[in-house]
Amino acid sequence: MATVGACIFSAVSSPVFRRQIMSSSEKPKRNPILKRVAVSTERTSAATTTVMTETTPTRIFVEKKSSELVEDEAETKQRVNVREYSEEESEGNGKSLKDYFDEAEDMIKSSSGGGPPRWFSPLECGSHTRDSPLLLFLPGIDGVGLGLIRQHQSLGNTVRSESNRSPKRPVYLVGESLGACIALAVAARNPDIDLVLILVNPATSFNKSVLQSTIPLLELIPGQITTMLSSTLSLMTGDPLKMAMDNVAKRLSLQPTIQDLSQDLVALSSYLPVLADILPKETLLWKIELLKAASAYANSRLHAVKAQMLVLCSGKDQLMPSQEEGERLSSALHKCEPRNFYDHGHFLLLEDGVDLVTIIKGASYYRRGRSHDYVSDFMPPTSSEFNKICEDFRWMRVLSSPVMLSTLANGKIVRGLSGIPSEGPVLFVGYHNLLGLDVLTLIPEFMIESNILLRGLAHPMMYFKSKEGGLGDLSPYDVMRIMGAVPVSGINLYKLMSSKSHVLLYPGGVREALHRKGEEYKLFWPESSEFVRMATTFGAKIVPFGAVGEDDLAQIVLDYNDQMKIPYFKSQIEELTATAARLRTDTKGEVANQDMHMPYPVPKVPGRFYFYFGKPIETKGTKRELRDREKAHELYLEIKSEVEKCLAYLKEKRENDPYRNILPRLIYQATHGFTSQVPTFEP
């Protein structure tokens, strides 16, 4: 995705301005925008495209039969050095809606001489590796190609060079409104090309948009622009008040807040004339007619679209009914998933707090081969992504105030994670608390204290649509994918172990996380030693652990047994179970009961979460010995016994914790600082 291109549909490309297009003999004017982008001008033959800047030597891109644009290796060596941006600098690329308007003005001036639509590659995207997939941006009705201006650097930093994946990389088409219709048309006409479509507020719902009724009004407006036309165009900018408030919120000083807010609002309103320059009346009419035709064509060819698709829908889009359209496309297309952004406007990717790379990662849409590989295609969360996740779940950390205990090599139990092996592969095996609440604090604590990312093995229902066997809306699980969770399977465990990862495994799975009344801290493990031989294959360290605290946070009032006696709940359970991917179909016993349901708990006055990690079990050098199934099963039973001992230890020791209840903890933090570590029992 580091190779990024954007398309310009110039205002002079409309029939109204075609008479002004330069002839091939005219000398092109100096282009000020070339200082920031590398522009490709389409030649008559269209066989090759020359890309040049004023500061870099010429680079040749050759069009192959697969329609991929591959950079010539010899010319790559001559590329100008691009500054490496730190993560702090690249946060939002340091750009805003104001930068969009400033650069759009330059783009308009540079296009005043005419010319066909053309591609450019923003230099701030930086260099890319050979296995980076190509991303092309098709702009919306504005046509200037700067809709990703806040995303350029983060997209350019999305690079992995160590992979030996298939050279058949996908091509990403990011289309915004009008560009979304064009992307759908491309996918419909090229079903054999591996495309990934990212549609932002698609205009396939044009017949329901306010633009539909704007055409006759625009035709009656005299002159180039009026107050009414300015108001219509301003709808494209989303929510100006929200954008200004987001900008002010980043500033620490409270005193000048009102003044700053008013200045930001005035600054945004001052750019309304630029919108009129981007879309003068004649061009706007032509664009709307083009939008109408593109929408009709895209809808007529939806049945032919086979590409993987992610639809980003704004809740406050005043031009299109985007959320409704996202639901329609998701129902009509098998490989389509929607993501809703309820507080954002039409120009979604220009608004604060929207990171396209994070969205793509969260939906597991980043790949460099024919299919997504949850291990080799994984990109660890950036510090900004991790900080946002921690902030979103900070309430859980405050409520549960987790206590981490680990065991050193000499057997001593200490507070903290100093007893955890820093080098992988490491397999953590433990008990799954009710609804998986323990994971919300466990994974962040490992990152904060030890900078270790736990790669969890999760139920496949969190990754696949119901048509494939899973749940309907998968967006609540995006945060799990960003943090590295993968669908549980033998193949994925093998890949994680081979990559020397720290892996989190709950053998009890769904049966433990959705347990019944009175089954707290009871293990429901299969009889076979599923993971032991895999761990020994790679000489992994196995860390048994226990987690206690669910009974101090909530109490189940309506469990599986209760719900199966009520016809309404029973039918829901049967329907959900029928659509969810089933695991352990060849396993006997209670763990094989994988009926999907939601226990109904009531909250308690919050207690505390406790984690105790036992002494790591070394398997290096035991591969040959543990080929014997009986010996492998003995180790399996030993691990299970250690987990039960960890649980028993925590249940006993927490009785001596004076800060088990939230009230003493709050009092302690009020006197010692809310960032201070709350004491607990002596290990």
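The structure displayed is predicted, hence computed values, not measured ones. (Residues numbered from 1 in each chain as written. Predicted model: local features only at pLDDT ≥ 70, side-chain atom pairs only at ≥ 80, totals over all residues. Heavy atoms only, no water.)

Another point: the packing of helix α5 (residues 178-189) against helix α11 (residues 281-300). At their nearest, the axes of α5 and α11 sit 9 Å apart, and the two run at 35° to each other. Pair α5 / α11 crosses with left-handed handedness. On the side of α5, the interface is formed by Leu-178, Cys-181, Leu-184, Ala-185 and Arg-189, while α11 contributes Lys-287, Leu-290, Leu-291, Ala-294, Ser-295, Tyr-297 and Ala-298. In terms of residue class, the contact of α5 with α11 is made up of nine nonpolar, one polar and two charged. (Axes fitted to C-alpha atoms, helices over the stretch in contact; angles between N-to-C directions. Helix = DSSP H or I, 4+ residues; strand = E, 2+ residues; numbered from the N terminus. Left-handed = near helix turned anticlockwise from the far one by under 90°. Contact = heavy atoms within 4.5 Å. Nonpolar A, V, L, I, M, F, W, Y, C, P; charged D, E, K, R; others polar.)

Evaluation of the coordinates by the stated rule reveals two cavities of 30 Å³ or more. The calculated volume of the largest cavity comes to roughly 140 Å³. Looking at the largest cavity, it is lined by 17 residues, and the ones nearest its centre are Lys-361, His-372, Asp-377, Phe-378 and Arg-481. Those elements giving two or more residues to the lining of the largest cavity turn out to be α13 (356-362) and α17 (478-482). Class assignment for the residues of the lining of the largest cavity results in nine nonpolar, three polar and five charged. (1 Å grid on protein atoms, 1.4 Å probe; cavity = no way out; pocket = protein on both sides within 12 Å on 5 of 7 lines; lining within 4 Å. Points joined across faces, edges and corners; volume = space filled by probe spheres on them.)

Attention now goes to the packing of aromatic side chains. Using the criterion set out here, one finds 19 aromatic pairs in the structure. Plain terms: the ring middles of Tyr-374 and Tyr-463 are 5.4 Å apart, the flat faces sit at 85° to each other, and that makes the pair edge-to-face. Of this pair, Tyr-374 sits in the loop between α13 and α14 (383-392) while Tyr-463 sits in the loop between β15 (454-458) and α17; the two residues are 89 residues apart in sequence, bridging distant segments of the chain. Geometrically, the ring pair formed by Phe-428 and Phe-613 is edge-to-face, given 6.0 Å between the ring centres and 85° between the ring planes. Of the two residues, Phe-428 is situated in strand β14 (residues 426-430) and Phe-613 in strand β21 (residues 610-613); the sequence distance between them amounts to 185 residues. Residue class for Phe-428 comes out buried when judged on its relative accessible area of 0%. In this structure, Arg-511 packs its charged tip against the face of Phe-524, placed 4.0 Å from the ring centre. (Phe/Tyr/Trp six-rings, centres within 6.5 Å; stacked < 30°, edge-to-face > 60°. Buried < 20%, exposed > 50% of the residue type's maximum accessible area, 1.4 Å probe, protein only. Lys NZ or Arg CZ within 6 Å of the ring centre and 35° of its normal.)

Moving on to the confidence of the model for the protein. Across the protein, pLDDT averages 78, with 72% of residues at or above 70. Segment residues 10-90 is flagged for pLDDT under 50; beyond a separation of four residues in sequence, or across chains, it makes 139 contacts in the model. Predicted confidence is poor over residues 248-258, with pLDDT under 50, and the contacts of this stretch with residues over four places away or in other chains come to seven contacts. (pLDDT = per-residue confidence, 0-100.)

A grouping of Glu-625, Asp-628, Glu-630 and Glu-634 is seen on the molecular surface, where their side chains present a negatively charged patch. Mapped onto the secondary structure, Asp-628 falls in the loop between β22 (617-618) and α23 (629-653). (Patch = residues over 30% accessible without salt bridge, like charges linked within 9 Å, V, L, I, M, F, W, Y side chains within 5 Å. Areas by Shrake-Rupley, 256 points an atom, 1.4 Å probe, with all protein chains shown as cover. Salt bridge = Lys/Arg side-chain N within 4 Å of Asp/Glu carboxyl O. Lys, Arg positive; Asp, Glu negative; His and termini not counted. Charge placed at Lys NZ, Arg CZ, Asp CG, Glu CD.)

Applying the stated criterion across every chain, the model contains 22 salt bridges. A salt bridge links Asp-552 to Arg-654, with the shortest nitrogen-to-oxygen separation between them at 3.5 Å. Here Asp-552 is found in the loop between β18 (541-548) and β19 (554-558), whereas its partner Arg-654 is found in the loop between α23 and α24 (662-672), with 102 residues between them in sequence. Take Asp-552: its relative accessible area is 13%, and that puts it in the buried class. Assessed through its relative accessible area of 5%, Arg-654 is described here as buried. Salt-bridge contacts for Glu-655 lead to Arg-660; the nearest nitrogen and oxygen are separated by 3.1 Å. Each of Asp-551, Asp-552, Arg-654, Glu-655 and Arg-660 takes part in one network of salt bridges that share partners.

Next up on the list: the environment of Thr-214. Checked against the element boundaries, Thr-214 lands in helix α6 (residues 214-220). The spatial distance from the C-alpha of Thr-214 to the C-alpha of Ile-288 is 8.9 Å, given a sequence separation of 74 residues.

Attention now moves to a nonpolar patch on the surface. On the surface, Leu-435, Val-557, Met-598, Tyr-600 and Val-602 cluster together into a nonpolar patch covering about 400 Å² of accessible area. One can find Leu-435 in the loop between β14 and α16 (439-450). Here Leu-435 falls in the partly exposed class, since its relative accessible area comes to 33%.

Negative phi values dominate among residues other than glycine, just as trans dominates among peptide bonds. Residue Pro-425 is bonded to the preceding Gly-424 through a cis peptide linkage, with omega at 5°. Turning to its location among the elements, Pro-425 is positioned in the loop between β13 (413-415) and β14. Here Leu-435, not a glycine, exhibits a phi torsion of approximately 60°, which is positive. Phi at Tyr-521 takes a positive value of approximately 65°, unusual for a residue other than glycine.

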